[in-house]
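Close look at the chain arrangement
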Amino acid sequence: RGIAREAMFYRPPGVSPDGDRGESQFDVERRFAAFVEQKLLRPSTSDKKLQRTVVVFTHGVAIRSFVRRILGASTKFVANTQTDNTGITELRYEPKSGDFGGWTLVRMNDVAHLQPLDGQEIARVPSS
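What you see is a predicted model; the values in this text were computed from it and never measured.

This part is about the overall build of the chain. Counting its regular elements, the chain contains 4 helices and 2 strands. For the chain, contacts bridging at least 24 residues in sequence account for 39% of all contacts bridging at least 6. Taken as a whole, the chain presents about 9,400 Å² of accessible surface, with 52% of it coming from carbon and sulfur.

Before going further, it helps to spend a moment on helix α3 (residues 60–71). Since one α-helical turn is 3.6 residues long, residues separated by three or four positions face the same way. Between its terminal C-alpha atoms α3 stretches 16 Å, which fits the 16 Å expected from 12 residues at 1.5 Å a residue. Burial in α3 covers these residues: A62, I63, R64, S65, F66, V67, R68 and I70. Count one or two residues on from α3 and you reach G72, which has phi positive near 70°.

Mapped onto the elements, D84 comes out in the loop between α4 (77–80) and β1 (88–93). Since its relative accessible area comes to 15%, D84 is described here as buried. Looking at D84, its side chain comes within polar contact range of the side chain of Q82, at 2.5 Å.

Moving on: the nonpolar core. Core analysis: the largest hydrophobic core is formed by 10 residues, namely V28, F32, A33, V36, L40, L41, A62, F66, I70 and W103. Elements that contribute at least two residues to this core include exactly α2 (25–41) and α3. Per element, the largest residue contribution to this core is 6 residues, and it comes from α2.

Attention now goes to α2. Between its first and last C-alpha, α2 extends 22 Å over 17 residues, near the 24 Å set by a 1.5 Å rise per residue. Taken residue by residue, α2 has Q25, D27, V28, E29, F32, A33, V36, L40 and L41 as its buried positions.

Scoring rules and cut-offs
Residues numbered from 1 in each chain as written. Predicted model: local features only at pLDDT ≥ 70, side-chain atom pairs only at ≥ 80, totals over all residues. Heavy atoms only, no water. Helix = DSSP H or I, 4+ residues; strand = E, 2+ residues; numbered from the N terminus. Contact = heavy atoms within 4.5 Å. Areas by Shrake-Rupley, 256 points an atom, 1.4 Å probe, with all protein chains shown as cover. Expected span 1.5 Å × (residues − 1). Buried < 20%, exposed > 50% of the residue type's maximum accessible area, 1.4 Å probe, protein only. Polar contact = N/O pair within 3.5 Å; in protein donor to acceptor, adjacent residues only side chain to side chain. Core = buried A, V, L, I, M, F, W, Y, C linked by side-chain atoms within 4.5 Å.

And the structure:
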């Protein structure tokens, strides 16, 4: 358990937005959650009846980290789940109090759109 938690905060070599070393899983999770809060949730809180559909394109670690956060899953969740390139993860937000703060995971890593229509296999590149 300690190793998984430590890995969540590991900052690899590279440069992050704050000019320090590369971003850890936790850094990505906080940055993505701040984006969702500032750009997606705050504008809609003034009109409670407003329903919007928003599409966000991002990389797998950001998706898995945010889903981990809203579900309250363990630090192992990001390493033990998969998001394929162009996989669809659908979340629904309805403001309410409680464990998930209004978030519902509808589907994760849906790749049905990658299946060929004629039953033939399509080549897949392993995701990182």
